[in-house]
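# Examining the three-dimensional arrangement
Letter by letter, the chains look like this.
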Amino acid sequence: MRYPFIFILAVYIAFGNATELTFELPDNEKQCFYEDLEQGAKFDVDFQVIAGGNYDVDCFVTDPLNNLLYQEQKKQYDSFSHTTTMKGVYRVCFSNEFSTFSHKTVYLDFRTGEDDRLMPDMNRGTALTQMESACLSIHEILKVVSDSQTWYRLREAQDRIRAEDLSERVHFWSIGETIILFVVCIGQVLMLKSFFNEKKANVATST
């Protein structure tokens, strides 16, 4: 296993109506995720390829009748939002069937429904108090912080994979250089030894 910390489901976080996961998508394979939704429910899909090949993947979303709601080919990242028109199981699929040898690591963020109101009586006729306004402002800032943390986690995972791949290449390159150095040294010793053997043979024949 090349990257054990992200094999299959390395990161799985479910809170409220949101699911985040990172999974490995082998070459020539397709991975699908299913969600049972009510009619009129809104869902959002965000994905990004963080490792593998040219950092691209095919993605499509279907409704319970298998109608295509979204389809993109060889995308590194994208977002999709939709409000359901019928109740049933919706499917989000990622395909790496166009690749013959490159495994991909894909991050998926699937969110359903609207965010709960911070204060149930926000629609009242009176204006918000200073404390309520401050709470709303802090709430929005924390949402931005959460999104930034997700972005930094993706960048950290992507950079770590690249660093490990580079370290592996340097390791094998160093081994190759060491082998070549030993071969050259042995070859030079044998060549010098053959020169002295030829000289001794010539002296013996002359005497």
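Residues numbered from 1 in each chain as written. Predicted model: local features only at pLDDT ≥ 70, side-chain atom pairs only at ≥ 80, totals over all residues. Heavy atoms only, no water.

Summing up its helical and strand segments, the chain has one helix and nine strands in all. Mapped in sequence order, the helices and strands of the chain form the string β-β-β-β-β-β-β-β-β-α. By sequence separation, contacts in the chain at least 24 residues apart represent 71% of the contacts at least 6 residues apart. Put simply, the chain shows about 14200 Å² of open surface, and 58% of that area lies on carbon and sulfur atoms. (Helix = DSSP H or I, 4+ residues; strand = E, 2+ residues; numbered from the N terminus. Contact = heavy atoms within 4.5 Å. Areas by Shrake-Rupley, 256 points an atom, 1.4 Å probe, with all protein chains shown as cover.)

Side chains of F172, I175, I179 and V183 sit close together on the surface and give an oily, nonpolar patch of about 390 Å² of accessible area. Position of I175 among the secondary structure elements: in helix α1 (residues 130-206). (Patch = residues over 30% accessible without salt bridge, like charges linked within 9 Å, V, L, I, M, F, W, Y side chains within 5 Å. Salt bridge = Lys/Arg side-chain N within 4 Å of Asp/Glu carboxyl O.)

This part is about the UniProt feature "transmembrane region" (unreviewed entry) in the chain. Here, the residues flagged by UniProt with the feature "transmembrane region" (unreviewed entry) are residues 170-192. A helix fraction of 100% and a strand fraction of 0% characterise residues 170-192, whose end C-alpha atoms lie 33 Å from each other. (UniProt positions renumbered as here; feature names shortened; annotations may be inferred.)

Taken as a whole and judged by the stated rule, the model has eight aromatic pairs. Ring geometry for F33 against F94: centres 6.4 Å apart, planes inclined by 70°, an arrangement best described as edge-to-face. Remark: F94 occurs in strand β8 (residues 88-95) and F33 occurs in strand β3 (residues 30-37); sequence separation between them is 61 residues. The same class applies to F33 and to F94, which are both buried. An aromatic cluster is present here, built from F43, Y70, F80, Y90 and F110 joined pairwise through their rings. (Phe/Tyr/Trp six-rings, centres within 6.5 Å; stacked < 30°, edge-to-face > 60°. Buried < 20%, exposed > 50% of the residue type's maximum accessible area, 1.4 Å probe, protein only.)

Right, let's talk about the environment of H82 for a bit. Here H82 shows up in strand β7 (residues 77-83). Separated by 40 residues in the primary sequence, H82 and K42 have C-alpha atoms spaced 5.7 Å apart. Leaving out residues up to four positions away in the same chain, H82 has contacts with A41, K42, F43 and L69.

Another point: the side chain of T62. Following the sequence through the fold, T62 ends up in strand β5 (residues 57-62). In contact with T62, not counting residues within four places along its chain, are N67, L68, L69, Y90 and R91.

Strand order in the open sheet formed by four strands is β3-β8-β5-β6, and the pairing between neighbours is antiparallel. At either end of the open sheet lies a strand with only one pairing partner, and these are β3 and β6 (68-75). Averaged over all pairs of adjacent strands, the angle between strand axes in this sheet comes to 10°, irrespective of strand direction. Sheet topology places β3 next to β8; eight bridges connect them, and they run antiparallel. Bridge pairing links K30 to S95 in β8. (Pairing = 2+ DSSP bridges. Axes fitted to C-alpha atoms, helices over the stretch in contact; angles between N-to-C directions.)

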